[in-house]
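Here are the chains, one letter per residue:
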Amino acid sequence: ARFKAVNRNSNFDISTDASSHGSASVRNNIGAIKVQLNSNGDSYFTGGDVGIGTDNPTYTLDITGSFRIQNGSNDSSLEIGKGGSGNRNAFIDFVGDGTHTDYGLRVLRNDGGANATSDFRHRGTGAIRIVAEDAGSIQFFTSGTAASNERLRITNTGLVGIGTDSPSGLTHWV
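All figures in this text were calculated on a predicted structure; none of them were measured in a lab.

Trainee: Explain the overall build of the protein here, please?
Mentor: Across its full length, the protein carries zero helices and 14 strands. Starting at the N terminus and ending at the C terminus, the protein contains elements arranged as β-β-β-β-β-β-β-β-β-β-β-β-β-β. Here the C-alpha radius of gyration of the protein, 25 Å, is well above what a compact globule of 174 residues would show, namely 16 Å. Put simply, of all contacts in the protein between residues at least 6 apart along the chain, 2% involve residues at least 24 apart. Of the roughly 13,300 Å² of accessible surface on the protein, a fraction of 50% belongs to carbon and sulfur atoms. Charge centroids of the protein, computed over 15 positive and 17 negative side chains, lie 7 Å from each other.

Below is the structure:
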């Protein structure tokens, strides 16, 4: 099906190919495709901001409400800043109160290239907590996660080991 505008350009097309895969295209006033939806292949929006749960998006993707990133039984990831050029900051802001409306907790990768620092920044007078919900320990590493790179461990019973992964007293230095 094809729907044409007053200027006789096709603005909206719905079609299927020989294998019965469907597609829909929306074109602007000069015929350029701005929305392409394919049942078997890539789909895209190039006509401006996209809103989900909002009719007034102000970002490239503006979501109002909860969302989930899921990839079945494979690893899932959220990458911030990948594919850009040059050194720049990449961060995730958590806003959970009306006092600090820009961020309450920020996870930040600074823009220093190979020597960049990474920060956890907490705002407010409440504590920042690291919690192991079950019987796991809390471990700190430098230079990778090999066992030989573990620098500090807090066991699930509260023993602290520095330079050892099996502290035998309340504090145990090696």
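The rest of the description comes next.
Trainee: Just to check I follow, could you spell out the sheet that holds strand 9 (residues 105–109) for this structure?
Mentor: Strands belonging to one sheet form pairs held by backbone hydrogen bonds; the direction of such a pair is parallel or antiparallel. On the basis of which strands lie adjacent, the open sheet formed by three strands has the order 8-9-10 and antiparallel pairing. Whereas interior strands pair on both sides, the edge strands pair on one side only; in this sheet they are strand 8 (90–94) and strand 10 (118–122). Strand after strand, the sheet turns through a mean of 10° between neighbouring axes, direction not considered.

Trainee: Teacher, can you tell me more about the sheet that holds strand 12 (residues 150–154) here?
Mentor: Read from one edge to the other, the open sheet built from four strands follows the order 11-12-13-14, with strand pairing classed as mixed. Where the open sheet ends on each side, the last strands, each with one partner, are strand 11 (138–141) and strand 14 (171–173). When the angles between neighbouring strand axes are averaged without regard to direction, this sheet yields 10°. Both strand 11 and strand 12 contribute to a ladder of four bridges, which runs antiparallel. Within the sheet, the bridge partner assigned to Phe140 lies in strand 12 and is Leu152.

Trainee: Sorry, what's going on with the side chain of Arg153 here?
Mentor: Position of Arg153 among the secondary structure elements: in strand 12. Note on Arg153: relative accessible area 15%, which makes it buried. Of note is the side chain of Arg153, whose polar atom sits 2.7 Å from the side chain of Glu150. Setting aside anything within four residues of it in sequence, one finds Arg153 in contact with Ser137, Ile138, Gln139, Leu159, Val160, Gly161, Thr164 and Asp165.

Trainee: Looking at this structure, I do not really get the packing of aromatic side chains. What am I missing?
Mentor: Two measures describe an aromatic ring pair: the distance that separates the ring centres and the angle between the ring planes. By the definition in use, this model includes zero aromatic pairs. Seen from the ring of Phe91, Arg106 lies directly overhead, with NZ or CZ sitting 4.3 Å from the centre. If you follow Arg123 out to its NZ or CZ, it ends over the ring of Tyr103, 4.9 Å from the centre.

Trainee: Can you help me understand the environment of Phe3 in this one?
Mentor: Tracing the backbone shows Phe3 in strand 1 (residues 2–4). Of the residues examined, Phe3 reaches a relative accessible area of 47% and is grouped as partly exposed. Sequence separation between Phe3 and Ile14 is 11 residues; the distance between their C-alpha atoms is 8.9 Å.

Trainee: Looking at this structure, how should I read the pairing of strand 9?
Mentor: Regular strands have side chains that alternate between both faces of the sheet. What you see with strand 9 is a clean split: Arg106 and Leu108 sit on the buried side and Leu105, Val107 and Arg109 on the side with no burial. Here five bridges tie strand 8 to strand 9, and the two strands are oriented antiparallel to one another. Opposite Phe91, over in strand 9, you have Leu108 as the bridge partner. Across five bridges, strand 9 lies against strand 10 in antiparallel orientation. Bridge pairing in strand 10 links Leu105 to His122.

Trainee: Looking at this structure, how should I read unusual backbone geometry?
Mentor: For residues that are not glycine, phi is negative in most cases, and the peptide bond is trans in most cases. Despite not being glycine, Ser20 has its phi angle at roughly 70°, a positive value. Residue position: Ser20 is located in the loop between strand 2 (10–16) and strand 3 (22–27).

About the criteria used
Residues numbered from 1 in each chain as written. Predicted model: local features only at pLDDT ≥ 70, side-chain atom pairs only at ≥ 80, totals over all residues. Heavy atoms only, no water. Helix = DSSP H or I, 4+ residues; strand = E, 2+ residues; numbered from the N terminus. Rg over C-alpha atoms; globule rule 2.2 N^0.38 Å. Contact = heavy atoms within 4.5 Å. Areas by Shrake-Rupley, 256 points an atom, 1.4 Å probe, with all protein chains shown as cover. Lys, Arg positive; Asp, Glu negative; His and termini not counted. Charge placed at Lys NZ, Arg CZ, Asp CG, Glu CD. Pairing = 2+ DSSP bridges. Axes fitted to C-alpha atoms, helices over the stretch in contact; angles between N-to-C directions. Buried < 20%, exposed > 50% of the residue type's maximum accessible area, 1.4 Å probe, protein only. Polar contact = N/O pair within 3.5 Å; in protein donor to acceptor, adjacent residues only side chain to side chain. Phe/Tyr/Trp six-rings, centres within 6.5 Å; stacked < 30°, edge-to-face > 60°. Lys NZ or Arg CZ within 6 Å of the ring centre and 35° of its normal.

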